[in-house]
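What follows is each chain in one-letter form.
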Amino acid sequence: MATSTASTISEAPPGRIALSEPEISGNEWKYVKECLDTGWVSSAGAFVERFEKSVAAYTGAREAVSTVNGTSALHVSMVALGVEPGDEVVVPAVTFVAPVNAVKYCGGEPVFMDCDPDTLCMDTAKLAAFLKNECSRGKDGFTYNRATKRRVKAVVPVHVFGHPARLDELLDACQGKNIEIIEDATESLGAEFMGKKTGTFGAAGCFSFNGNKIITTGGGGMVVTDDRALAARLRHLTTQAKTDAFEYEHDEVGYNYRLTNIQAALGVAQMERLEEFVSAKRRNAESYRRLLKESAGLMWEEPWARSNFWHCTIKAGEERRGPLIRHLTESGIQVRPLWKPVHLLPMYRGCQAYRMENAEAAYRSCLNIPSGVALKSEEIERVAGEINSVLRAE
Ligand SMILES: Cc1ncc(COP(=O)(O)O)c(C=O)c1O
């Protein structure tokens, strides 16, 4: 269906090929109608629980707590896991800005980590070097950045475009340092690291159901965790920290972060088709692999990973990126550059950026190409043909 969200997807007139569009052709109407017919439209209702249970079951997490969006999932996870004003949180430079903003919402300070050029995810060898060489264990058992004297409270790996970060090395690097791992798995629902679903490696894993994600609820998010006490705290914080609904008792500053039943109804219907969507995305990637010239630099999954190929990315090189963007855009094919590395954005320019050697080159070299679930094989052929034509003309 050709619906779109203004911030993420452009309207695609006939003949245009969009980057990604939601696929809404299952039980969505039926379940939403059920909400409207019964009056269960707000943040309580059977679909909320069903949606949470279905994401928990799919990822293999014990608990899932839904939220209004992925950003709030990240924010409330940081609050619940004790990120306090003045704490440092290690974040990747190559990411959508949301997890970094969430650190700031807590009054924390981001420390930017470089990307691994093969996956675009956080460089875990550099993370290990940072924690080993630049940080020390304090008497209180926490890890402190020696240069800033600040506590390093958490690390937030982002599974960029659906490819998992090197989670074994990341867990090793943080082992015994009293550092929380909060996975930004917003783009990677369905992806696996060594056979285990992303989002289930840290204390908390956060998903987004924004209109451009592999499944959508219009807007929405979810935190998964194996820690039942953490899940209870997340539920408490996301419902305004209410202790008595009748008397309006609240025991701390909470948030109105709960998903509505209508959105959850969409989510339940979308979850019914998630595996089908992952297969479609993986098929898109396989087709591009077959069709694209090697010099297009299609990024592929590592042997230890199962990417959901939420977005297919080509690393065509700095000189080719501009001509490719121009030609594809003129041909009615929507493409997207990589996010500008976050440490270069004005509000984060003063923050520590550790051994930043690859992030800017990746930004100048990479391009996301159409990767929607409903892409037809002729459309993929057309995209690949146009890319190859630019490369041939060199
Ligand atoms: C890496 C990353 N983190 C966080 C988010 C935030 O999710 P949301 O837009 O649902 O708040 C997004 C997507 O939008 C994202 O791509």
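1. Some words on the confidence of the model for the protein chain
Okay, step 1: Averaged over all residues, the pLDDT of the protein chain equals 95, while 96% of them reach at least 70.
Okay, step 2: Scored below 50 in pLDDT, residues 1-12 shows 28 contacts in the model against residues more than four places distant or in partner chains.

2. Some points on the site of the ligand
Okay, step 1: Around the ligand lies a shell of 16 residues, among which T71, D184, E187, S208 and K213 are the nearest.
Okay, step 2: Within the backbone of G70, one N or O atom sits 2.8 Å away from an oxygen atom of the ligand.
Okay, step 3: The side chain of T71 places a nitrogen or oxygen atom 2.5 Å from an oxygen atom of the ligand.
Okay, step 4: Summarising the interface, the protein chains cover 91% of the accessible area of the ligand, which totals 380 Å² for the free molecule.
Okay, step 5: Taken together, the elements giving at least two residues each to the shell around the ligand come down to α3 (70-80) and α4 (98-105).
Okay, step 6: Split into classes, the residues belonging to the shell around the ligand amount to five nonpolar, eight polar and three charged.

3. Brief notes about the side chain of T119
Okay, step 1: The residue T119 is located in the loop between β3 (109-113) and α5 (124-134) in this model.
Okay, step 2: A residue is classified by how much of its surface remains accessible, and T119, at 5% relative accessible area, is buried.
Okay, step 3: Of the polar contacts made by the side chain of T119, one reaches the backbone nitrogen of C121; its length is 3.1 Å.
Okay, step 4: Dropping the residues within four chain positions of it, T119 is found in contact with V160, H163, M299, E302 and W304.

4. Some points on the sheet that holds strand β16 (residues 336-337)
Okay, step 1: The strand order across the open sheet built from three strands is β15-β18-β16, with neighbouring strands paired in antiparallel fashion. Strands with a single pairing partner mark the edges of an open sheet, and in this sheet they are β15 (312-315) and β16.
Okay, step 2: Note that β16 and strand β18 (residues 366-369) share two bridges and pair antiparallel. Among the inter-strand pairings, P337 is bridged to a residue of β18, identified as L367.

5. Points about empty space enclosed by the protein
Okay, step 1: Following the criterion strictly, the structure yields two cavities of 30 Å³ or more and no others.
Okay, step 2: Size it by volume and the largest cavity reaches roughly 120 Å³.
Okay, step 3: Taken together, 14 residues line the largest cavity, and the ones lying closest to its centre are V160, H163, M299, H311 and T313.
Okay, step 4: Residues lining the lining of the largest cavity come from more than one domain, with at least three contributed by each of domain 1 (28-271) and domain 2 (274-392).
Okay, step 5: Taken as a whole, the second largest cavity holds about 50 Å³ of empty space.
Okay, step 6: Lining the second largest cavity are S20, E21, P22, E23, K213, I214, T216, Q270, F277, K281, G372 and V373.
Okay, step 7: A class-by-class count of the residues in the lining of the second largest cavity yields four nonpolar, four polar and four charged.

6. Focus: the nonpolar core
Okay, step 1: F51 and L189 are the most contacted members of the largest nonpolar core, which totals 78 residues.
Okay, step 2: Ranked by residues supplied to this core, first place goes to helix α2 (residues 46-59) with six residues.
Okay, step 3: For this core, the two domains that each supply at least three residues are domain 1 (28-271) and domain 2 (274-392).
Okay, step 4: In terms of nonpolar packing, the next biggest core, distinct from the first, is built from 22 residues, L292, L328, V335 and V390 among them.

7. Considerations on unusual backbone geometry
Okay, step 1: Positive phi, normally seen in glycine, also occurs at K149, with a value near 65 degrees.
Okay, step 2: Along the chain, K149 turns up in the loop between β5 (143-145) and β6 (152-155).
Okay, step 3: Looking at K149, the relative accessible area reads 66%, which means it is exposed.
Okay, step 4: Here Q240, not a glycine, exhibits a phi torsion of approximately 60 degrees, which is positive.
Okay, step 5: Judged by relative accessible area, which is 36%, Q240 ranks as partly exposed.

Cut-offs applied
Residues numbered from 1 in each chain as written. Predicted model: local features only at pLDDT ≥ 70, side-chain atom pairs only at ≥ 80, totals over all residues. Heavy atoms only, no water. pLDDT = per-residue confidence, 0-100. Contact = heavy atoms within 4.5 Å. Near = heavy atom within 4 Å. Polar contact = N/O pair within 3.5 Å; in protein donor to acceptor, adjacent residues only side chain to side chain. Areas by Shrake-Rupley, 256 points an atom, 1.4 Å probe, with all protein chains shown as cover. Helix = DSSP H or I, 4+ residues; strand = E, 2+ residues; numbered from the N terminus. Nonpolar A, V, L, I, M, F, W, Y, C, P; charged D, E, K, R; others polar. Buried < 20%, exposed > 50% of the residue type's maximum accessible area, 1.4 Å probe, protein only. Pairing = 2+ DSSP bridges. 1 Å grid on protein atoms, 1.4 Å probe; cavity = no way out; pocket = protein on both sides within 12 Å on 5 of 7 lines; lining within 4 Å. Points joined across faces, edges and corners; volume = space filled by probe spheres on them. Domains from an automatic or database assignment. Core = buried A, V, L, I, M, F, W, Y, C linked by side-chain atoms within 4.5 Å.

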